[in-house]
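# Summary of the model geometry
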Amino acid sequence: QVQLVESGGGLVQAGGSLRLSCAASGRTFSTYYMGWFRQAPGKEREFVAAISRSGPSTYYGDYVKDRFTISRDNAKNTVYLQMNSLKPEDTAVYYCAAKPAGLGYVAPSSYNYWGQGTQVTVSS
């Protein structure tokens, strides 16, 4: 089983930046696709970004494209989410997740392993 631990969340004013980290352990990190999702109270968990095992290829939800950047360091077993130009609507708990190679990357059900989440709050 892969264990994931997020960090880096916090409170920031609109227009500010945060860098989230997700440290992985338990299995070979480099064999997994990694994703970031977010969930606000009363809403479904939403796809934010994903990154392939190598290459790398990256994918983004439309609402964060050109503002967020996902990256990974396989040697450090860590995936990152650089969040710039934050907006109040970005406020949510952010989760990292891992999935093996296969179909799909935007659906939460595609991912086998999840972290506990880190709160991001953007004030206006």
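In this report, we go over the structure that sits alongside the text. Everything numeric in this text was worked out from a predicted model, so none of it was measured. (Residues numbered from 1 in each chain as written. Predicted model: local features only at pLDDT ≥ 70, side-chain atom pairs only at ≥ 80, totals over all residues. Heavy atoms only, no water.)

This part takes up the overall build of the protein. Regarding its fold elements, the protein presents zero helices and eleven strands. Starting at the N terminus, the α and β elements of the protein follow one another as β-β-β-β-β-β-β-β-β-β-β. Projected onto the principal axes, the alpha-carbon positions of the protein cover approximately 40 × 25 × 25 Å. Each of the 124 residues in the protein was classed as buried or not, and the buried ones make up 43%. Long-range pairs, those at least 24 residues apart, make up 57% of the contacts in the protein with a sequence separation of at least 6. Element-wise, carbon and sulfur atoms account for 46% of the exposed surface of the protein, whose accessible area totals about 6,300 Å². (Helix = DSSP H or I, 4+ residues; strand = E, 2+ residues; numbered from the N terminus. Buried < 20%, exposed > 50% of the residue type's maximum accessible area, 1.4 Å probe, protein only. Contact = heavy atoms within 4.5 Å. Areas by Shrake-Rupley, 256 points an atom, 1.4 Å probe, with all protein chains shown as cover.)

What follows deals with the pattern of salt bridges. Pairs may arise between side chains of opposite charge once their charged atoms sit close together. Counted by the stated rule, this structure contains three salt bridges. The residue arginine 38 makes a salt bridge to aspartate 90 at a minimum N-O spacing of 2.8 Å. Of this pair, arginine 38 sits in strand β4 (residues 33-39) while aspartate 90 sits in the loop between β8 (78-83) and β9 (92-99), and the two are 52 residues apart along the sequence. Aspartate 90 is the salt-bridge partner of arginine 67, the closest N and O atoms lying 2.8 Å from each other. Taken together, the positions of arginine 67 in the loop between β6 (58-60) and β7 (68-73) and aspartate 90 in the loop between β8 and β9 put the pair 23 residues apart, joining distant regions of the chain. For aspartate 90, a relative accessible area of 0% corresponds to the buried category. Taken together, the shared-partner salt bridges connect Arg38, Glu46, Arg67 and Asp90 into one network. (Salt bridge = Lys/Arg side-chain N within 4 Å of Asp/Glu carboxyl O.)

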